[in-house]
Amino acid sequence: MVFRQSFLIILAFFGMILCGLIYLNTNQSSCKPQIIEKVITKSKWKLKNFGLRSSQGYTRFLKDFLESAEQHYFVGFRVHYYLFTDLPEEVPEVKMGENHSLTVRKVPSMNRWQDISMGRMEILEKLIENELVSEADYIFCLDVDTKFYGRWGAETLGRLVGVIHPWYFDAPRDQFTYERRPESQAYVPAGEGDYYFTGAAFGGSLEDVHHLTKTCRKQMNIDVANSIEAIWHEESHLNKYFLYNKPSKLLSPEYLWRDINAGVAQIKVVRFSHVAKNNTEVRPNA
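Criteria and thresholds
- Residues numbered from 1 in each chain as written.
- Predicted model: local features only at pLDDT ≥ 70, side-chain atom pairs only at ≥ 80, totals over all residues.
- Heavy atoms only, no water.
- Salt bridge = Lys/Arg side-chain N within 4 Å of Asp/Glu carboxyl O.
- Helix = DSSP H or I, 4+ residues; strand = E, 2+ residues; numbered from the N terminus.
- Buried < 20%, exposed > 50% of the residue type's maximum accessible area, 1.4 Å probe, protein only.
- pLDDT = per-residue confidence, 0-100.
- Contact = heavy atoms within 4.5 Å.

Asker: Could you clarify how one ought to interpret the pattern of salt bridges in this entry?
Answerer: Should the charged atoms of two oppositely charged side chains come close, the side chains can pair. What the rule picks out here adds up to 11 salt bridges. The salt bridge partner of Glu 129 is Lys 126, with a shortest N-O separation of 3.9 Å. Placement of both Glu 129 and Lys 126 in helix 4 (residues 120–132) is noted, with a separation of 3 residues, approximately one turn of the helix. Glu 129 sits in the partly exposed class, given a relative accessible area of 33%. Residue Lys 126 is classed as partly exposed on the basis of its relative accessible area of 32%. For Asp 208, the salt bridge goes to Arg 159, with nearest N and O atoms at 2.9 Å. With a gap of 49 residues between them, Asp 208 in helix 5 (residues 206–225) and Arg 159 in the loop between strand 6 (146–148) and strand 7 (160–164) connect regions that are remote in the sequence. The network of salt bridges with shared partners includes Glu 125, Lys 126, Glu 129 and Arg 217.

Asker: Please explain the confidence of the model for the protein chain as it appears in this structure.
Answerer: Low pLDDT marks regions whose predicted coordinates should not be analysed in detail. In the predicted model, the protein chain carries a mean pLDDT of 77, and the fraction of residues at 70 or more is 71%. Within the model, pLDDT remains below 50 along residues 1–7, and this stretch shows 41 contacts once partners closer than five positions in the same chain are excluded. In the model, residues 9–31 has pLDDT below 50 throughout and makes 158 contacts with residues more than four positions away in sequence or in other chains.

Pasting the structure below:
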């Protein structure tokens, strides 16, 4: 059995949203997650991380995100964080573990949080095309106004991975907030849809995530040309994509909870969660 592994965490700062993109490169035969991690972490592997964009307000979440990721996210892998931000001077110093490093790159600012959020699709698309195509097999996109509370490891890997939205995991389908206007490319007809997925966490193989992001970017461009914006922006387009391109793996809300949610009996473990925040303080046009 031969294992070759390279792991990447991409922290994508989208002005109003800090998005963590994590990619894992691994060629292996079928094996249990625990065995995969034990074998991989015993070897020396090259790891890279990339980040995209952050603006005023959201850098406050980066310290907790990074420190908690160091404790829980694919522990034992080599990791290189690349942070793309319009405020590099506000990036906090966080002590990296052995074989972990952080690179910060400056990018332009944006005025609307909606544009910042939707921009992740094109950023991911181009990132995969231009830098990652031969570097890894898997990539995850995670919001960074978040914190890890438990193990996140090889059990999350899949060809196309979606996370069920913490607000709608137990809601009936007619309450899902899909885009219902036929004029939008994100339109989902009434009576269709299996789950409502969060846009704050998704991933999969480079090929599949590239196709997802390219498709969503094209659909959003068509909407812009037609002077329409989907109700929940790129999340609406993500849900439309997942309707016709079923995820190969579903992650429960334990992989993306909300600190402001009350505890529920169904969620026994919270591994990763959005943190409570005042949107008017951190979003440029809230």
